[in-house]
Amino acid sequence: MRVMAIVKRIANQFRRDKRTLALMFIAPLLLITLINYLFDGDTVKPKIGVEGVSSSMVAQLKDTDISVKQYRSVDSAKDTIKSDGLDAFILQDGSNVKLTFENSDPGVSKQIQMKLQAALMAEQKETMKQLGASMQEASAKIQQSLAKIAKQYTAKTGQQLDIPAVNLQIPEQQQLAIDTAYIYGDADTTFFDTIGPIFIGFFVFFFVFLIAGISFLRERTTGTLERLMATPIKRWELETGYLLGFGIFALAQSIIVALYSIHVLDMVQMGSIWYVLLITLMLAMVALTLGILLSTFANNEFQIVQFIPIVIVPQVLFCGIFPLEGMADWLQWIAHIMPLYYGADALTSIMVKGEGFSGFATDLYVLVGFTLVFMILNIFALKKYRKI
């Protein structure tokens, strides 16, 4: 009986806590549905540009599931790759081949290399087959001509003329000299080198969100917020004070994470370290304002944790670790309302591509916009504690 009493108490507790029930039964269904659509998208074909490449080679590349765009003449393969969003460019001049990779995703570069080798082998095999058939046909014609000559000679002289067998040899095919270049990184660049900046942004965002939410919740549960609201302080002053107070530690965390990742873990860093710190700080501010906002809807630390599957996990799925190009349009639209998507894109542009301010300015402005929106919502959310 006592055991059943405990079971009944826990069951009633869960029954009254609608948020926990939703977390247990609805959130997993939503996330697994999202992941199903995420991985059920179309496979993204590598996109390459070609100049001076034979039509048969283009056909072989297309047969290996590569999207090929042909050019008559380009001034710079690197500029063409950047402007047209290509993954690689092949420039052939006789037996010399210049292969340039964009290489922001080394996996795609290696995939193109493998498919290019397969296409070259297939074309070489087809060329040798056609050449062999031509040589056999030529040998047969020469043999027939010699036989005709021998027959005429025998008719005139009465002497038999021995005709040697004709077997033309296939000449050795000239090997292509392939020169490989990379816009970002080099041949040793790994997949983690390109997603490392994304994880820097994610960990800054996640821990600031969690700590800010729990800390602000404690301000409420311990009565500190109510005492502050009993003073003449305005809501915007209170919000600004909390942001600056938590922001000092968020700034320190951003600096430590960024410097450790770059100088200790030796992550790729092509751009300015100051730009990296700027973006990580903005991500921390977005996470800070979002954490404070959501904490107003929580009554304890457990309820703060409940927001993680709904708020944090989707951002991980859409921040760029998984390619967005093959997703459905509505899934790509979801990615563009995730703050971490813009932070990850900016950090990748700075650390992997080495771009300047103009390369990530839009991402920065969007992060600033998220911060301001969450700040305004926080000010209005404080109305539930006091109307000023």
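Residues numbered from 1 in each chain as written. Predicted model: local features only at pLDDT ≥ 70, side-chain atom pairs only at ≥ 80, totals over all residues. Heavy atoms only, no water.

A.B. asks: Is there a simple way to think about the pattern of salt bridges in this case?
C.D. replies: Here the idea is simple: oppositely charged side chains can pair when their charged atoms come close. One pass over the structure, following the stated rule, counts three salt bridges. Two residues, Asp 65 and Lys 45, come together in a salt bridge whose shortest N-O distance is 3.5 Å. Of this pair, Asp 65 sits in the loop between helix 4 (55-63) and strand 2 (67-70) while Lys 45 sits in the loop between helix 3 (27-39) and strand 1 (47-51), and the two are 20 residues apart along the sequence. Accessibility expressed as a relative area gives 35% for Asp 65, which makes it partly exposed. (Salt bridge = Lys/Arg side-chain N within 4 Å of Asp/Glu carboxyl O. Helix = DSSP H or I, 4+ residues; strand = E, 2+ residues; numbered from the N terminus. Buried < 20%, exposed > 50% of the residue type's maximum accessible area, 1.4 Å probe, protein only.)

A.B. asks: Please explain the environment of Asp 93 as it appears in this structure.
C.D. replies: Among the structural elements, Asp 93 can be located in strand 3 (residues 88-93). Residues Asp 93 and Val 53 lie 40 residues apart in sequence; the distance between their C-alpha atoms is 8.2 Å.

A.B. asks: How do you make sense of helix 15 (residues 339-351) when you look at a structure like this?
C.D. replies: Helical geometry: 3.6 residues make up each α-helical turn, so side chains three or four residues apart lie on a common side. For helix 15, built from 13 residues, the straight-helix expectation of 18 Å at 1.5 Å per residue is met to within 8% by its first-to-last C-alpha distance of 18 Å. With 12 of its 13 residues buried, helix 15 lies for the most part within the structure. If you check which residues of helix 15 are buried, you get Pro 339, Leu 340, Tyr 341, Tyr 342, Gly 343, Ala 344, Ala 346, Leu 347, Thr 348, Ser 349, Ile 350 and Met 351. Looking at the buried positions of helix 15, the neighbouring elements they touch are helix 7 (191-221), helix 9 (235-264), helix 10 (273-295), helix 13 (313-318), helix 14 (329-335) and helix 16 (357-381). (Expected span 1.5 Å × (residues − 1). Contact = heavy atoms within 4.5 Å.)

A.B. asks: When you look at unusual backbone geometry in this model, what are you seeing that I'm missing?
C.D. replies: Most of the time, phi is negative for any residue but glycine, and the peptide bond is trans. Of note in this structure, Asn 103 is not a glycine but carries a positive phi near 65°. Among the secondary structure elements, Asn 103 is positioned in the loop between strand 4 (96-101) and helix 6 (106-157). Given a relative accessible area of 3%, Asn 103 falls into the buried group. Although it is not a glycine, Asp 266 adopts a positive phi angle of roughly 60°. Among the structural elements, Asp 266 can be located in the loop between helix 9 and helix 10.

A.B. asks: Which parts of the structure should I look at to understand the packing of helix 7 against helix 15?
C.D. replies: If you want to describe how two helices pack, look at the angle between their axes and the distance between the axes. The interhelical angle for the contact between helix 7 and helix 15, taken along N-to-C directions, is 135°, at an axis separation of 8 Å. Overall, the two elements helix 7 and helix 15 adopt an arrangement that is oblique. Crossing angle aside, the handedness with which helix 7 passes helix 15 is right-handed. Each of Thr 194, Pro 197, Ile 198, Ile 200, Gly 201, Phe 202 and Phe 205 in helix 7 lies in contact with helix 15, whose residues at this interface are Pro 339, Leu 340, Ala 344, Leu 347, Thr 348 and Met 351. (Axes fitted to C-alpha atoms, helices over the stretch in contact; angles between N-to-C directions. Parallel < 35°, antiparallel > 145°, perpendicular 65-115°, else oblique. Left-handed = near helix turned anticlockwise from the far one by under 90°.)

A.B. asks: Teacher, can you tell me more about the pairing of strand 1 here?
C.D. replies: Every regular strand shows the same layout, with side chains that alternate between the two sheet faces. In terms of burial, strand 1 is a largely internal element, four of the five residues being buried. The parallel pair strand 1 and strand 2 is bridged by helix 4, and the resulting crossover is right-handed. Here strand 1 pairs with strand 3 via four bridges, running parallel. Each residue of the ladder has a partner; that of Glu 51, found in strand 3, is Leu 91. (Right-handed = clockwise from strand over helix to strand, strands pointing away. Pairing = 2+ DSSP bridges.)

A.B. asks: Is there a simple way to think about the packing of aromatic side chains in this case?
C.D. replies: The way to describe two aromatic rings as a pair is by their centre distance and the angle between their planes. Under the definition given, this model contains 14 aromatic pairs. Measuring from ring centre to ring centre gives 5.9 Å for Phe 202 and Phe 206, while their planes differ by 20°; the resulting arrangement is stacked. Taken as a pair, Phe 202 and Phe 206 lie in helix 7 at a separation of four residues, close to a single helical turn. Note on Phe 206: relative accessible area 17%, which makes it buried. Joined through ring pairs, the aromatic side chains of Phe 199, Phe 202, Phe 203, Phe 206 and Phe 207 make up one cluster. (Phe/Tyr/Trp six-rings, centres within 6.5 Å; stacked < 30°, edge-to-face > 60°.)

A.B. asks: Please explain the environment of Arg 72 as it appears in this structure.
C.D. replies: Tracing the sequence through the fold places Arg 72 in the loop between strand 2 and helix 5 (77-84). The exposure class of Arg 72 is exposed, given its relative accessible area of 84%. Taking C-alpha positions, Arg 72 is 8.6 Å from Val 50, a pair spaced 22 residues apart along the chain.

A.B. asks: Help me out: how do you make sense of the nonpolar core in this one?
C.D. replies: With 67 residues, the main nonpolar core has Phe 205, Phe 209, Ile 279, Ile 312 and Phe 318 as its most contacted residues. Those elements that provide at least two residues to this core are helix 7, helix 9, helix 10, helix 12 (308-311), helix 13, helix 14, helix 15 and helix 16. Not counting residues up to four positions away in its chain, the partners in contact with Ile 312 are Phe 202, Phe 205, Phe 206, Phe 209 and Phe 307. Residues Met 57, Val 58, Ile 112 and Leu 116 belong to the second largest nonpolar core, which totals 18 residues. (Core = buried A, V, L, I, M, F, W, Y, C linked by side-chain atoms within 4.5 Å.)

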